[in-house]
Amino acid sequence: SSTSFGSTWFLLDAQVGLRVSPINIQRIGRMDLRKYNVLVLPNAWGVGGLSAILDERTCKRLKSWLEAGGTLVAMGGSAAFIADGDRGLSAVRLRRDVLDQLDVYDEALERERGSLHVQVDPAEVWGVEPNAADRASGEAPSEAERKAGKSGPEKRDLKQLKRGDVWKRVFSPNGTIVAAELRSDHWLCDGLPANPISDRKLPILASGSYALMAKYPVGVPARFVDGKSLRLSGLLWPEARERLANTAYATVERVGYGQIILFASDPYYRAYTKGTGRMLLNALIFGPGLGTSQPVPW
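Residues numbered from 1 in each chain as written. Predicted model: local features only at pLDDT ≥ 70, side-chain atom pairs only at ≥ 80, totals over all residues. Heavy atoms only, no water.

1. Digging into the overall build of the chain
Item 1. Scanning the chain from terminus to terminus reveals eleven helices and twelve strands.
Item 2. Scored against the burial criterion, the 298 residues of the chain give a buried share of 43%.
Item 3. A fraction of 75% describes how many contacts in the chain between residues 6 or more apart in sequence connect residues 24 or more apart.
Item 4. Accessible surface computed for the chain: about 16,400 Å², of which carbon and sulfur atoms make up 52%. (Helix = DSSP H or I, 4+ residues; strand = E, 2+ residues; numbered from the N terminus. Buried < 20%, exposed > 50% of the residue type's maximum accessible area, 1.4 Å probe, protein only. Contact = heavy atoms within 4.5 Å. Areas by Shrake-Rupley, 256 points an atom, 1.4 Å probe, with all protein chains shown as cover.)

2. Focus on the nonpolar core
Item 1. Membership of the largest hydrophobic core comes to 64 residues, with the highest contact counts inside it found for Val-73, Ile-82, Leu-188, Phe-263 and Met-279.
Item 2. The greatest single-element share of this core, amounting to five residues, is contributed by strand 11 (residues 248-255).
Item 3. When sequence neighbours within four positions are dropped, the list of residues in contact with Val-73 reads Val-38, Leu-39, Val-40, Leu-41, Ile-261, Phe-263, Leu-280, Ala-283 and Leu-284.
Item 4. Membership of the second largest hydrophobic core comes to five residues, among which are Val-98, Leu-102, Tyr-105 and Met-213. (Core = buried A, V, L, I, M, F, W, Y, C linked by side-chain atoms within 4.5 Å.)

3. Re the pattern of salt bridges
A side chain of one charge can pair with a side chain of the opposite charge if their charged atoms are brought near each other.
Item 1. In the structure shown here, the tally under the stated rule is twelve salt bridges.
Item 2. Across the pair Asp-165 and Arg-243 runs a salt bridge, and its minimum N-O distance is 3.0 Å. Of this pair, Asp-165 sits in helix 8 (residues 158-169) while Arg-243 sits in helix 9 (residues 238-244), and the two are 78 residues apart along the sequence. Just as Asp-165 is buried, Arg-243 falls in that class too.
Item 3. For Arg-183, the salt bridge is made with Asp-185, and the minimal N-O distance between the two is 3.6 Å. (Salt bridge = Lys/Arg side-chain N within 4 Å of Asp/Glu carboxyl O.)

4. Comments concerning the packing of aromatic side chains
For any pair of aromatic rings, the description rests on two quantities: the centre-to-centre distance and the angle between the ring planes.
Item 1. The full count for this structure, using the stated rule, is five aromatic pairs.
Item 2. Centre to centre, the rings of Phe-171 and Trp-237 are 6.0 Å apart; their planes meet at 70 degrees, and the pair counts as edge-to-face. With Phe-171 in the loop between helix 8 and strand 6 (174-182) and Trp-237 in the loop between strand 10 (231-233) and helix 9, this residue pair connects regions lying 66 residues apart in the sequence.
Item 3. What makes Trp-237 partly exposed here is its relative accessible area of 41%.
Item 4. With 5.7 Å between their ring centres and 70 degrees between their planes, Phe-224 and Tyr-249 make a pair best called edge-to-face. Here the residue Phe-224 occupies a position in strand 9 (residues 219-224), and Tyr-249 occupies one in strand 11, the gap between them amounting to 25 residues.
Item 5. By relative accessible area, which is 2% here, Phe-224 ends up buried. (Phe/Tyr/Trp six-rings, centres within 6.5 Å; stacked < 30°, edge-to-face > 60°.)

Next comes the structure, spelled out in C-alpha cells:
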C-alpha cells in the first residue's frame, strides 16, 4: 500500500465522532456525502485512473460538498489531480502547468516570507521621506526610486522552460529526506516541530515528480526551503533540487464554507516521518473545526 490508509478512501463522521468508514470509489459520484465532514484521498500512482472516476459531474458534486463545509484531504498523485485547473476545485497548481507564471509566484513567495520577519519603518508609516544622508547610511530607497531603478525581468522562453521541466522530472526524488519551513502559527502545524533540525524546519520524505505552486490567498503551512539547505539525507540530484526548492509541501485553502488540504507527497508513508504524520492527524481532527464553518444542527 502507498499509504497507511491503504488504497481505500475514508470518511470521518461528524455525528458520531472519529469513525473511519471505507467507501467504494466507484460509487463516490452517487453517494450522499452530507453526513460526512472529511474525505481523504490517499496517494494515487498517476492521475489517469482518477480522471476516469472523478469526472466533471462528480467534481461538481465534490465542490458543492466542499462549499457546504466539507474538508477534502488529498496527497501525492491525488493532490496533483485536485490541483489540475481543469477540475475547478483548487487554486493550487502543478509547477509544470504554470511555468509562464513563475515570476508571479516568486513575488508572492517573497511577500510570504517577508511576513515572517516584519520590520516596521516609522518613516514609512507616517509618510516621512528619509533624507539622502539616511539612505546613504543604509536606509531603503523611496518607492519612487525603487520604481525608477527597477528594470523589467527578462522574458522567459516558455518552450525552453517546458523542455527543461520535462528533463528535470526524470531526476525526481525517491525517498529522499528534505527540509520544509513551517508556519508555526498555523493550526496544521500544532505540536510541531518535534525534530532536531531547527525551530521551524521539518524533515519530509519526498518522492515523485509533483511540485505544488501556491500563493495568497492559499495558505502554505509547510513549504520546502531553498536549494542550498533542502537536502537532509539521501540522493537529491541538482535538477530535482531546483524544481522542488521553495514549492509548497502542504496547502490549506477555503472553498465556500469548507476547505481543501493538499500534501505534495504521502505524509505518513510507512510511518517513517512522525512530524508530517502529525500534520495529517491535525488535518483530520482539527480541520473541520478550525478550517471550516460547519452548520450548527438544531
